[in-house]
Amino acid sequence: MRFGRCVWQRTENGARRHHLELVADEGAPATPLSAFALAGQPRLDRTAERVMAHADALARLLEEMHARGVLSESALQAVNAAARPRALTHAEERELSRTDRLSDYWR
């Protein structure tokens, strides 16, 4: 056996609830899900949220600095270098498996 999907959510009192799936070695599950059911979720939603928030913040920062005439060419290059993709930290990676409704993943 191995762990399959692991998703989690925060509760109102600050605790965490987890939904873990165990996958047996001997074959497919008795009731397979549709290929599109919850595909990549909640990971896809969390990733999209992060990308949109970061892209928006960077665009606003650059617009503001350009409008005020404070952004030199070297500063612009430094900001663009900081926006390049990097490996996620363990905490950032774990956040991608967070969901707001853990019950969506129970069968």
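Residues numbered from 1 in each chain as written. Predicted model: local features only at pLDDT ≥ 70, side-chain atom pairs only at ≥ 80, totals over all residues. Heavy atoms only, no water.

Q: Explain the pattern of salt bridges residue by residue, including any values.
A: Enumeration according to the criterion identifies eleven salt bridges in this entry. Arginine 46 is paired through a salt bridge with aspartate 100; the nearest N and O atoms lie 4.0 Å apart. Of this pair, arginine 46 sits in helix H1 (residues 43-68) while aspartate 100 sits in the segment after helix H3 (90-95), and the two are 54 residues apart along the sequence. The partner of arginine 50 in a salt bridge is glutamate 92, with the nearest N and O atoms 3.9 Å apart. With arginine 50 in helix H1 and glutamate 92 in helix H3, this pair connects stretches of sequence that are 42 residues apart. Relative accessible area serves as the criterion here: at 22%, arginine 50 is assigned to the partly exposed category. (Salt bridge = Lys/Arg side-chain N within 4 Å of Asp/Glu carboxyl O. Helix = DSSP H or I, 4+ residues; strand = E, 2+ residues; numbered from the N terminus. Buried < 20%, exposed > 50% of the residue type's maximum accessible area, 1.4 Å probe, protein only.)

Q: Outline the pairing of strand E1 (residues 2-10), supporting the account with residue identities and numerical values.
A: The pairing of E1 with strand E2 (residues 16-23) spans seven bridges and is antiparallel. Bridging from a neighbouring strand, glutamine 9 pairs with arginine 17 of E2. (Pairing = 2+ DSSP bridges.)

Q: Tell me about the side chain of glutamine 9, and name the residues and values.
A: Mapped onto the fold, glutamine 9 is located in strand E1. A relative accessible area of 9% places glutamine 9 in the buried class. A distance of 2.5 Å separates the side chain of glutamine 9 from the backbone nitrogen of leucine 102, its partner in a polar contact. Excluding its chain neighbours within four sequence positions, the residues that come into contact with glutamine 9 are Ala15, Arg16, Arg17, Thr99, Asp100, Arg101, Leu102 and Ser103. (Polar contact = N/O pair within 3.5 Å; in protein donor to acceptor, adjacent residues only side chain to side chain. Contact = heavy atoms within 4.5 Å.)

Q: Before we move on, can you summarise H1 with the specific residues and values?
A: Taking 1.5 Å of rise per residue, 26 residues should cover 38 Å, and H1 covers 38 Å from first to last C-alpha, within 8% of that figure. Positioned one or two residues after H1, glycine 69 has a phi angle of 75°, which is positive. (Expected span 1.5 Å × (residues − 1).)

Interpretation note: all reported values are geometric properties and have no functional meaning in isolation.
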